[in-house]
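Results of the structural survey
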Amino acid sequence: MRKKIVAGNWKMNTTLEEGVQLAKEVNEALATTEGVKCDVVICVPFTHLAIINQVIDKDRLGLGAENCADHLKGAYTGEVSAPMVASTGANYVILGHSERRQYYGETPEILKTKVNLALEEGLTPIFCIGEVLEQREDGSYLDVVKAQIEESLFDLDAEQFGKIILAYEPVWAIGTGKTATDDQAQEMHAFIRKVIADKYGKEVADNTSILYGGSCKPSNAAQLFAKPDVDGGLIGGASLKCADFMGIVNAF
Ligand code: 13P
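Positions within a chain are numbered from 1, following the residues in the order the chain's sequence is written. Per-residue local features are limited, in this predicted model, to residues with pLDDT of at least 70; the limit for side-chain atom pairs, both in listing and counting, is 80 or more; totals at the level of whole chains, interfaces and linings are taken over all residues. Only hydrogens and water are set aside when side-chain values are computed; all heavy atoms of the structure are taken into account.

1. Section: the site of the ligand
Any residue with at least one heavy atom within 4 Å of a molecule or strand is counted as near it. Neighbouring residues of the ligand: N9, K11, H97, E169, A173, I174, G175, G214, S215, L234, G236 and G237. Here an oxygen atom of the ligand and a side-chain polar atom of N9 are 3.0 Å apart. Whenever two N or O atoms come within 3.5 Å, that pair is a polar contact, provided that in protein one can donate a hydrogen and the other can accept it, and provided that, for residues adjacent in sequence, both atoms are side-chain atoms. G236 is positioned such that a nitrogen or oxygen atom in its backbone is 2.9 Å from an oxygen atom of the ligand. The Shrake-Rupley method, run with a 1.4 Å probe sphere, supplies the accessible areas, and residue values consider only the shown protein chains as cover. When the ligand is considered free in solution it has 310 Å² of accessible area, and contact with the protein chains removes 94% of it.

Printed below as a string of structure tokens:
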């Protein structure tokens, strides 16, 4: 059966020193918390990966990047490839975050390439999808999310798809303090699972973890995670404080 997962997305926050400190705190909190019921992952800036990999217990706390390049190597100044990410010891990579799509022009085609390169390196993609407010309001949100999945992921075979974690992040809920209701999240997550089942069959769909992201915090996590198709969260702002992040981890 699918895993329950709480993953932090630190975005462009923390200096190296602050990041190492935060990672140590989360690692320590997990070591001293009994009965953690989910996998816990932190996705951190590239600059932090190799050092944080050395200060955390990876059996307890997974480590991921927030992006990787759409090329394997070569003359792409400033880019960081999937093999480079893997060589730091990281096991996960967030791909297709709405901030990457919106501010850096990442298209479904580019994301398809990134997913393939990440999988080839043995990285687990945490693939983000989600509609903007206008699409929520005009009722096209289900179609929008379906298309995002189809365009970037449906070239994968079932075995490859089985390695993907999905994160539904309604753009209108990211960093706004406005969370999707538990019913809105459940409607979308159940729909996503059906889209997967129609393509890859019920077993693959039932085994796919689908996380919710967007202003998830200790006060609303338990209600969201109680929904049958919500398998955890991808946490932005609240992952930057150990106590808040652990509050969400402990919501399971
Ligand atoms: P917030 O939790 O800050 O709304 O961010 C969500 C997010 O974008 C995680 O990837």
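2. Quick word on the packing of helix α7 (residues 141-153) against helix α9 (residues 182-200)
Look at α7 against α9: their axes get within 10 Å of each other, and the N-to-C directions meet at 40 degrees. In terms of orientation, α7 lies oblique with respect to α9. Once α7 is placed against α9, the crossing between them reads as right-handed. On α9, the residues touching Y141, L142, V145, K146, I149 and L153 of α7 are E187, M188, F191, I192, V195 and Y200. A fitted line through C-alpha atoms represents every axis, and for helices the fit uses only the stretch in contact; the resulting angles, taken between N-to-C directions, go from 0 to 180 degrees. A run of H or I in DSSP becomes a helix once it reaches four residues, and a run of E becomes a strand once it reaches two; helices and strands are each numbered from the N terminus. By the definition adopted for this analysis, an angle is roughly parallel if under 35 degrees, roughly antiparallel if over 145, roughly perpendicular if from 65 to 115, and oblique otherwise. Crossing handedness is defined as follows: a turn of the near helix away from the far one that is anticlockwise and smaller than a right angle gives a left-handed crossing, while the clockwise case is right-handed. Contacts are assigned to residue pairs that have any heavy atoms within 4.5 Å of one another.

3. A closer look at α7
The span you would expect from a helix comes to 1.5 Å times its residue count less one. For α7, which comprises 13 residues, the first-to-last C-alpha distance of 18 Å matches the rise-based estimate of 18 Å (1.5 Å per residue) to within 8%. Burial classes: relative accessible area under 20% of the type maximum marks a residue as buried, over 50% as exposed, and values in between as partly exposed (1.4 Å probe, protein chains only). Along α7, the residues that are buried comprise Y141, V144, V145, Q148, I149, S152 and L153. With its buried residues spanning 130 degrees around the axis, α7 presents them on a single face. Regarding the arc, it is the one traced by the directions from the helix axis to the C-beta atoms.

4. Notes on the confidence of the model for the protein chain
Every residue gets a pLDDT, meaning the predictor's confidence in that residue, from 0 to 100. The pLDDT averaged across the protein chain works out to 98; a share of 100% of its residues lies at or above 70. Looking across the protein chain, the model is least confident in helix α6 (residues 133-137), with a mean pLDDT of 96, and most confident in strand β4 (residues 92-95), with 99.

5. Re the packing of helix α11 (residues 218-225) against helix α12 (residues 242-249)
Their axes nearest at 8 Å, the elements α11 and α12 cross at an angle of 20 degrees. Judged by the inter-axis angle, α11 sits roughly parallel to α12. Seen from above, α11 lies across α12 with right-handed handedness. Residues P218, A221 and F225 of α11 form the contact with α12, whose own contacting residues are D244, G247 and I248. Counted by class, the contact of α11 with α12 contains four nonpolar, one polar and one charged residues. Nonpolar residues are Ala, Val, Leu, Ile, Met, Phe, Trp, Tyr, Cys and Pro. Charged residues are Asp, Glu, Lys and Arg, and all others, Gly as well, are polar.

6. Observations concerning the nonpolar core
The term nonpolar core refers to a set of buried residues drawn from Ala, Val, Leu, Ile, Met, Phe, Trp, Tyr and Cys, joined through side-chain atoms within 4.5 Å. Core analysis: the biggest nonpolar cluster contains 68 residues, and L153, L166 and I192 have the highest contact counts within it. Not counting residues within four places of it along the chain, the set of residues in contact with L166 comprises F127, I129, L153, F161, I192, I196, T208, S209, I210 and L211. Grouped together as the second largest cluster of nonpolar side chains are 12 residues, I94, I165, A167 and L234 included.

7. Thoughts on the pattern of salt bridges
Salt bridges are identified by distance alone: a Lys or Arg side-chain nitrogen within 4 Å of an Asp or Glu carboxyl oxygen. Here the structure, examined in full by the defined rule, presents 18 salt bridges. Of the charged contacts in the structure, one is a salt bridge between R100 and E106, with a shortest N-O distance of 3.0 Å. On the accessibility criterion, E106 (7% relative accessible area) is buried. Shared partners join several salt bridges into a network, and the residues in it are R2, K4, R193, D229 and D231.

8. Details of the sheet that holds strand β7 (residues 210-213)
Spatial strand order, β1-β2-β3-β4-β5-β6-β7-β8: eight strands in a closed barrel with parallel pairing. When strand polarity is set aside, the average angle formed by the axes of neighbouring strands in this sheet is 25 degrees. Paired strands, in this sense, are two strands between which DSSP finds at least two bridges. Across five bridges, strand β1 (residues 5-9) lies against strand β2 (residues 39-43) in parallel orientation. The residue bridging V6 from the neighbouring strand is V40, located in β2. The strands touched by helix α5 (residues 108-120) within the sheet are β4 and β5 (124-129), with β5 carrying the most contacts at an inclination of about 160 degrees.

9. Quick look at α12
Listing the buried residues of α12 in full gives C242, F245, M246, I248 and V249. The buried residues of α12 all sit within an arc of 155 degrees when viewed along its axis, so they share a single face.

10. Some points on the packing of aromatic side chains
The description of two aromatic rings rests on the distance between their centres and on the angle between their planes. Stacked, tilted and edge-to-face are the three classes applied to pairs of Phe, Tyr and Trp rings, where Trp contributes its six-membered ring and a pair requires centres within 6.5 Å; stacked means planes under 30 degrees apart, edge-to-face means over 60, and tilted covers the rest. Scanning the model with the defined rule gives six aromatic pairs in all. Ring geometry for F154 and Y200: centres 5.4 Å apart, planes at 85 degrees, overall edge-to-face. Separated by 46 residues along the polypeptide, F154 in the loop between α7 and α8 (158-161) and Y200 in helix α9 bring together distant segments of the chain. Neither residue differs from the other here; F154 and Y200 are each classed as buried. By way of ring pairs, the aromatic residues F154, F161 and Y200 are connected into one cluster. Should the NZ of a Lys or the CZ of an Arg lie within 6 Å of a ring centre and within 35 degrees of the ring normal, that charge is described as sitting over the ring. Directly above the ring of Y141 sits R136, whose terminal nitrogen or CZ lies 3.7 Å from the centroid.

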